[in-house]
Amino acid sequence: MLEATPIALVLINEEEKIIYINSFAENLFFYKKIELKGQALEALLPDIHRVKPPEFWKNYFINPTAFRLGADDDLTAVTKTGRIFPVEVRMNPIDTGEMMYILVAITDISERIKSNEQFRLIVESALNAMILTDSTGKIAMINKQTEVLFGYERNELVGQKIEILVPHRMRQHHPEHRKNFYAHPKARPMGAGRDLYGVRKDGTEIPVEIGLNPIQKDGEQYVLASVIDITERKKSEEAIKKYTRQIEEKNKELEEFTNVASHDLREPLNSIISLTELLMHSKSDQLDEEGKKMLDYISKSSTRMSEMIIGLLEYARMGKSKELTRVNLDELVKTVLIDLESSINSSNSKIYVDTLPEIMAYAMEMRLLFQNLISNAIKYRNPDIAPEIAVSARQVKKGWEFVVTDNGIGIPENQKENIFNLFHRLHARNKYEGTGIGLAHCRKIAELHNGKIWVESEIGKGSSFYFFIPLLLQ
Ligand code: ADP
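Report on the accompanying structure. (Residues numbered from 1 in each chain as written. Predicted model: local features only at pLDDT ≥ 70, side-chain atom pairs only at ≥ 80, totals over all residues. Heavy atoms only, no water.)

## Considering the overall build of the chain
Phase 1 of the analysis: In terms of helices and strands, the chain carries 15 helices and 19 strands.
Phase 2 of the analysis: Over its C-alpha trace the chain gives a radius of gyration of 44 Å, far above what one expects of a compact globule, namely 23 Å for 474 residues.
Phase 3 of the analysis: Once the C-alpha set of the chain is aligned to its principal axes, its extents read approximately 145 × 50 × 35 Å.
Phase 4 of the analysis: Across the 474 residues that make up the chain, the buried fraction comes to 40%.
Phase 5 of the analysis: When the 62 positive and 68 negative side-chain charges of the chain are each reduced to one mean point, those points stand 0 Å apart. (Helix = DSSP H or I, 4+ residues; strand = E, 2+ residues; numbered from the N terminus. Rg over C-alpha atoms; globule rule 2.2 N^0.38 Å. Buried < 20%, exposed > 50% of the residue type's maximum accessible area, 1.4 Å probe, protein only. Lys, Arg positive; Asp, Glu negative; His and termini not counted. Charge placed at Lys NZ, Arg CZ, Asp CG, Glu CD.)

## What about the site of the ligand?
Phase 1 of the analysis: Around the ligand sit 21 residues in total, of which Asn-376, Tyr-380, Asp-406, Arg-425 and Leu-439 are the nearest.
Phase 2 of the analysis: His-427 places a side-chain nitrogen or oxygen 3.3 Å from an oxygen atom of the ligand.
Phase 3 of the analysis: If the ligand stood free it would expose 540 Å²; the protein chains cover 98% of that surface.
Phase 4 of the analysis: Elements with a minimum of two residues in the shell around the ligand: helix H14 (363-379), helix H15 (438-448) and strand S19 (462-470).
Phase 5 of the analysis: With three residues, H14 is the single largest residue contributor to the shell around the ligand.
Phase 6 of the analysis: A per-class count over the shell around the ligand returns nine nonpolar, nine polar and three charged. (Near = heavy atom within 4 Å. Polar contact = N/O pair within 3.5 Å; in protein donor to acceptor, adjacent residues only side chain to side chain. Areas by Shrake-Rupley, 256 points an atom, 1.4 Å probe, with all protein chains shown as cover. Nonpolar A, V, L, I, M, F, W, Y, C, P; charged D, E, K, R; others polar.)

## A word on the pattern of salt bridges
Phase 1 of the analysis: A full pass over the atoms with the stated rule returns 26 salt bridges.
Phase 2 of the analysis: Among the ionic pairs, Glu-358 bridges to Arg-326, the shortest N-O distance being 3.4 Å. Of the two residues, Glu-358 sits in strand S15 (residues 358-361) while Arg-326 sits in strand S13 (residues 325-328), which places them 32 residues apart along the sequence.
Phase 3 of the analysis: A single salt-bridge network, built from bridges that share partners, covers Glu-124, Lys-144, Glu-147 and Arg-154. (Salt bridge = Lys/Arg side-chain N within 4 Å of Asp/Glu carboxyl O.)

## Observations concerning helix H9 (residues 174-183)
Working note: α-helix, 3.6 residues per turn, so residues spaced by three or four point in the same direction.
Phase 1 of the analysis: Within H9 the residues assigned to the buried category are His-174, Arg-178, Phe-181 and Tyr-182. Angularly, the buried residues of H9 cover 100° about the axis, an arc narrow enough to put them on a single face. Residues Glu-176, Lys-179 and Ala-183 are exposed on H9 and point more than 90 degrees away from its buried face.
Phase 2 of the analysis: Considering only its buried residues, H9 is in contact with strand S7 (129-134), helix H8 (168-171), strand S9 (188-189), strand S11 (205-217) and strand S12 (220-229). (Arc of directions from axis to C-beta. Contact = heavy atoms within 4.5 Å.)

## Examining the nonpolar core
Phase 1 of the analysis: One finds Leu-329, Met-366, Phe-370, Leu-373, Ile-374, Phe-402 and Phe-467 to be the most contacted residues of the largest nonpolar core, which totals 38 residues.
Phase 2 of the analysis: Where this core is concerned, the elements lending two or more residues are helix H12 (329-339), S15, H14, strand S16 (388-396), strand S17 (399-405), H15, strand S18 (452-458) and S19.
Phase 3 of the analysis: It is H14 that provides the largest number of residues to this core, a total of seven residues.
Phase 4 of the analysis: In this structure, Leu-329 is in contact with Leu-356, Pro-357, Ile-359, Met-366, Phe-370 and Phe-402, ignoring residues within four places of it in sequence.
Phase 5 of the analysis: The next biggest cluster of nonpolar side chains, apart from the first, holds 30 residues, and it includes Leu-44, Val-51, Trp-57 and Ile-106. (Core = buried A, V, L, I, M, F, W, Y, C linked by side-chain atoms within 4.5 Å.)

## Some points on the packing of H12 against H14
Phase 1 of the analysis: With their axes 10 Å apart at the nearest point, H12 and H14 run at an angle of 50° to one another. Relative to H14, the element H12 is oriented oblique. Crossing angle aside, the handedness with which H12 passes H14 is right-handed. Each of Leu-329, Leu-332, Val-333, Thr-335, Val-336, Leu-337 and Asp-339 in H12 lies in contact with H14, whose residues at this interface are Ala-363, Met-366, Arg-367, Phe-370, Gln-371 and Ile-374.
Phase 2 of the analysis: Among the residues making up the contact of H12 with H14, the classes are represented as nine nonpolar, two polar and two charged. (Axes fitted to C-alpha atoms, helices over the stretch in contact; angles between N-to-C directions. Parallel < 35°, antiparallel > 145°, perpendicular 65-115°, else oblique. Left-handed = near helix turned anticlockwise from the far one by under 90°.)

## Focus on the side chain of Asn-382
Phase 1 of the analysis: Secondary-structure assignment places Asn-382 in the loop between H14 and S16.
Phase 2 of the analysis: At a separation of 3.3 Å, a polar atom in the side chain of Asn-382 contacts the main-chain carbonyl oxygen of Asn-407.
Phase 3 of the analysis: Among the polar contacts made by the side chain of Asn-382, one reaches the main-chain carbonyl oxygen of Gly-408 at a distance of 3.3 Å.
Phase 4 of the analysis: Residue contacts for Asn-382: discarding those within four places in its chain leaves Asn-407, Gly-408, Ile-409 and Gly-460.

## Observations regarding the environment of His-173
Phase 1 of the analysis: Mapping His-173 onto the fold places it in the loop between H8 and H9.
Phase 2 of the analysis: Expressed as a C-alpha distance, the spacing of His-173 and Met-100, which sit 73 residues apart in the sequence, is 50 Å.

## Considering the sheet that holds S16
Phase 1 of the analysis: With respect to topology, five strands assemble into an open sheet ordered S14-S16-S17-S19-S18, the strand pairing being mixed. Pairing within the sheet leaves two strands with one partner each, and these edge strands are strand S14 (350-353) and S18. Strand-to-strand twist in this sheet, taken as the mean axis angle between neighbours without regard to direction, amounts to 15°.
Phase 2 of the analysis: One ladder, built from four bridges, connects S14 with S16; its direction is parallel. Paired with Val-353 across the two strands is Val-391, which belongs to S16. (Pairing = 2+ DSSP bridges.)

## A look at the packing of aromatic side chains
Phase 1 of the analysis: Using the criterion set out here, one finds 15 aromatic pairs in the structure.
Phase 2 of the analysis: For the ring pair Trp-454 and Tyr-466, a centre distance of 5.4 Å and an interplane angle of 10° mean the geometry is stacked. Highlighted residues: Trp-454 in strand S18 and Tyr-466 in strand S19, separated in sequence by twelve residues.
Phase 3 of the analysis: One aromatic cluster in this structure is built from Phe-56, Trp-57, Tyr-60, Phe-61 and Phe-67.
Phase 4 of the analysis: Here Arg-169 stacks its cationic end above the ring of Tyr-197, 5.3 Å away from the centre of that ring. (Phe/Tyr/Trp six-rings, centres within 6.5 Å; stacked < 30°, edge-to-face > 60°. Lys NZ or Arg CZ within 6 Å of the ring centre and 35° of its normal.)

## Side note on a negative patch on the surface
Phase 1 of the analysis: Residues Asp-72, Asp-74, Asp-218 and Glu-220 make up a contiguous surface patch of negative charge.
Phase 2 of the analysis: Mapped onto the secondary structure, Asp-74 falls in the loop between strand S3 (67-69) and strand S4 (76-78). (Patch = residues over 30% accessible without salt bridge, like charges linked within 9 Å, V, L, I, M, F, W, Y side chains within 5 Å.)

What follows is the structure in structure tokens.
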């Protein structure tokens, strides 16, 4: 049995002299049995007396017990050819009744040490703090980042319980969590849903995220914890939350302001409108031509102001009752054209509509968008040519691009951005009626869909209004 065992076995007597080695030992050390017989154990383990001096052996046989010399003892073995390699040695006393022997089992651990070294290098080079703890919660290894994060020197942590890095207020329950992890060891984040903190040497706390990995090393169970400092992330999360709250409050204030202001503005305005009408109907005989003209101006201006206020209200409310639905744009544009029928006919416009897709969108707003662009294309027509308007769509990366093209008066290069601003108009009112809200609406609608709108144009030739709507999920 000894001969067949794939472990180097050496039997020594009470004088520490070798009396037998098995075949595996012969192969490992390149000695024949006969060559070693009677030699001291030091022939194979030259530094055994450094670890266990001669006095130890003198007393050992009084009460012999099995023991092990491991990697920590830094024990090496030497072959006949002079190769030196690290070993783990187990001593097993054998009492035959007449004689005492020790069976020495020698294991070459150079591979194990190499892979431990690789493991150490990987841990050391990690960008996170890495902490290896054994099954009792003792820190077995840390890397440089751990020193940086927690402000301890390596030797102040290794050998300590891991709880040294847990804030006092959480320390009490930590061993319990630790035991639970060992009971079901699997790679997972620590403290799901809880805010985790570590404590530095100077007592300050740091918010952290921790990943736990069970690891088998040298036949024992360890846990490798990877610790990330999330102070910065927490800070920016807090800042985003704060800003979002502020924006929400501001939006609400603005909405209330618009509601109140437009309500309050419309009341006196309605009085002006109705009083002017009354004046025109009942007192017109007392007014001369000049007076009637002025009254007409007042009436038109106040009506326009009322329209602007209504437009402003609509602008503020846009997207309030948001509900994304599947919108068939072919049908939607058809209904827009029906609504615009009288102005299409009176202007002699020709409108070509390509096949349009069905997309996820806010239906009401989408309708308003097409309506504004098509009615503008009719309104800003070239006085000398019959309007020709084309509506089309093409699929682009991550969405759809639509375009409404006309052969109208065009837009000056330096106005291509401004026209999308609220109340921005390029023409005198007596030339083209309008409030300057339409394109501002269009931009808000495109942005509501996370899209954008822009124009390409040439004076006297026509304009193309493009808008992009990304693919939206419900
Ligand atoms: P409104 O038409 O009520 O004036 P809009 O916001 O719809 O307001 O348009 C802003 C301005 O942009 C218009 O006053 C006009 O000068 C210009 N514009 C809009 N559409 C066109 C177009 N298709 N061709 C030329 N100019 C246009």
